[in-house]
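# Observations on the three-dimensional arrangement
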Amino acid sequence: MNKILIKSPAKLNLYLKIISKLSNNYHELDTRFQLIDIYDDLSFLSTKSRNISVKCSDSSIKEKDNIVYKTAILMQELNNGGGIDIDIKKVIPSGAGLGGGSSDAASTIIMLNRLWEMNLSSEQMLDIGRRVGADVPFFLNGKNAHAFGVGDTIKEVDSDISNYIVIDPLIFNSTKAMFAEYSINNSYDSNSNIYQQNSFWNIFLDANKQVKNFYKENIKKYEICLSGSGSAMFIKYNCDTEKEKILKIIPTNWRFFEAKPLQYSPLLEFV
């Protein structure tokens, strides 16, 4: 048996624009992905059986509903064998637009390719990633990117150099539900400069009164950004004085993370 421990990084969308709705009901996007040093910790233990076991520290994520479990099943079908025990220590908030599930799925593809000696090429792994989720190819590629299409057409870019306070208002946002809402109310993507950073801002603020109040009270002093379809927000800072001022405006019933940009994903050492 062979056990490997890895860290799956989160991402921020420095901006996210919904361009149009496609004929397949997906949406055409224009976004900038930035890797950050908030991680889920995953362990992979290969077994002699064909059993797939996925345990997660977040009890709200049930095994067979976990994207990691679904990815492992897909990889096993391709490999026609192999068993694995996967343990996930969740740190990246779920339903927050930080890509935790997609990152964990990418880690699973990379690790099972290695542990099961599948010898898949990078392009083959990317094809599997596209079947699992739109953001998975970005995490498989492991480099900061400008993304197009449904988010799976990526062009490598330099890392941002800012530090971030990532604000988690403890709201679970379903990406699927947010896109469905946007399709109904796409007039929400106004030309107002306030909402140009992310096309989901209007929908998100209208649905969450406390967040809307927080935004209105602080947007003139700070550039508050939304990641993905929410609910996580972030504010850039460049020195400790700025950081301390930002920390003081965060409601006490919310969580926050101090995060730094990553030049590339730690997963690349396993590819």
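Just above sits the structure.
Worth saying up front: this structure is predicted, and the values here are computed from it rather than measured.

## Looking at the state of the cysteines
Counted under the stated rule, the structure contains zero disulfides. Residue cysteine 225 stays outside any disulfide, its sulfur separated by 17 Å from that of cysteine 239, the closest cysteine. Residue classification places cysteine 225 among the buried residues on the basis of a relative accessible area of 4%. Using a relative accessible area of 34% as the deciding quantity, one classes cysteine 239 as partly exposed.

## Some remarks on the packing of helix H1 (residues 67-79) against helix H3 (residues 122-132)
The geometry of H1 relative to H3 is characterised by a closest axis approach of 11 Å and an angle of 135° between their N-to-C directions. Here H3 runs oblique to H1, going by the angle between their axes. At the point where H1 passes H3, the crossing takes the right-handed sense. Facing Ile67, Thr71, Leu74, Met75 and Leu78 of H1, the residues of H3 in contact are Ile128, Arg131 and Val132. Here the residues of the contact of H1 with H3 sort into six nonpolar, one polar and one charged.

## Considering the nonpolar core
By size, the foremost hydrophobic cluster in this structure holds 39 residues, and its most contacted members are Ile6, Phe44, Met75, Ile84 and Ile86. Examining the composition of this core, we find that seven residues originate from one element, helix H2 (residues 100-115), more than from any other. Once residues within four sequence positions are removed from consideration, methionine 75 is found in contact with Ile109, Leu112, Asn113, Trp116, Met118, Leu120 and Ile128. Of all hydrophobic cores here, the second largest spans 28 residues; its members include Leu16, Trp201, Ile203 and Tyr215.

## What about the layout of surface pockets?
Remark: the empty space left among the atoms is shown by a probe the size of a water molecule rolled over them. Of the voids in this model, the largest pocket is the one considered here, and its volume is about 1600 Å³. Taken together, the elements giving at least two residues each to the lining of the largest pocket come down to strand E1 (3-21), strand E2 (27-47), H1, H2, H3 and helix H5 (175-184). When its residues are assigned to classes, the lining of the largest pocket shows 17 nonpolar, 20 polar and 10 charged.

## So, unusual backbone geometry
Cis geometry marks the peptide bond from glycine 230 to serine 231, where omega comes out at 20°. Inspection of the secondary structure assignment puts serine 231 in the loop between strand E8 (225-226) and strand E9 (233-237). The phi dihedral of glutamate 117 is positive, around 50°, even though this residue is not glycine. Along the chain, glutamate 117 turns up in the loop between H2 and H3. Judged by relative accessible area, glutamate 117 falls into the exposed class, the value being 64%. Here asparagine 119, not a glycine, exhibits a phi torsion of approximately 60°, which is positive. Tracing the sequence through the fold places asparagine 119 in the loop between H2 and H3.

## A short note on the packing of H2 against H3
Each pair of packed helices can be summarised by the angle the axes make with each other and by the distance between the axes. The N-to-C vectors of H2 and H3 enclose an angle of 145°; their axes lie 10 Å apart at closest approach. For the pair H2 and H3, the sense of crossing is right-handed. Counted together, Ala105, Ile109, Ile110 and Asn113 of H2 and Met125, Ile128, Gly129 and Val132 of H3 form the full contact between these two elements. Its residues assigned to classes, the contact of H2 with H3 comprises six nonpolar, two polar and no charged.

## Remarks on the packing of aromatic side chains
This structure, assessed with the given rule, holds eight aromatic pairs. Each ring, one from phenylalanine 33 and one from phenylalanine 138, has its centre 4.4 Å from the other, and the planes form 25°; the classification is stacked. Taken together, the residues phenylalanine 33 in strand E2 and phenylalanine 138 in helix H4 (residues 136-141) connect sequence positions 105 residues apart. Accessibility expressed as a relative area gives 2% for phenylalanine 33, which makes it buried. Both rings, one in phenylalanine 179 and one in phenylalanine 200, keep their centres 5.0 Å apart while their planes meet at 85°; by these two values the pair is edge-to-face. Here phenylalanine 179 is found in helix H5, whereas its partner phenylalanine 200 is found in the loop between H5 and helix H6 (201-207), with 21 residues between them in sequence. Residue phenylalanine 179 shares its accessibility class with phenylalanine 200, and that shared class is buried. Site record: aromatic cluster; members linked through ring pairs are Phe33, Phe138 and Phe139.

Thresholds, definitions, all that
- Residues numbered from 1 in each chain as written.
- Predicted model: local features only at pLDDT ≥ 70, side-chain atom pairs only at ≥ 80, totals over all residues.
- Heavy atoms only, no water.
- Disulfide = S-S within 2.5 Å.
- Buried < 20%, exposed > 50% of the residue type's maximum accessible area, 1.4 Å probe, protein only.
- Axes fitted to C-alpha atoms, helices over the stretch in contact; angles between N-to-C directions.
- Helix = DSSP H or I, 4+ residues; strand = E, 2+ residues; numbered from the N terminus.
- Parallel < 35°, antiparallel > 145°, perpendicular 65-115°, else oblique.
- Left-handed = near helix turned anticlockwise from the far one by under 90°.
- Contact = heavy atoms within 4.5 Å.
- Nonpolar A, V, L, I, M, F, W, Y, C, P; charged D, E, K, R; others polar.
- Core = buried A, V, L, I, M, F, W, Y, C linked by side-chain atoms within 4.5 Å.
- 1 Å grid on protein atoms, 1.4 Å probe; cavity = no way out; pocket = protein on both sides within 12 Å on 5 of 7 lines; lining within 4 Å.
- Points joined across faces, edges and corners; volume = space filled by probe spheres on them.
- Phe/Tyr/Trp six-rings, centres within 6.5 Å; stacked < 30°, edge-to-face > 60°.

This is a description of form; function is not addressed.
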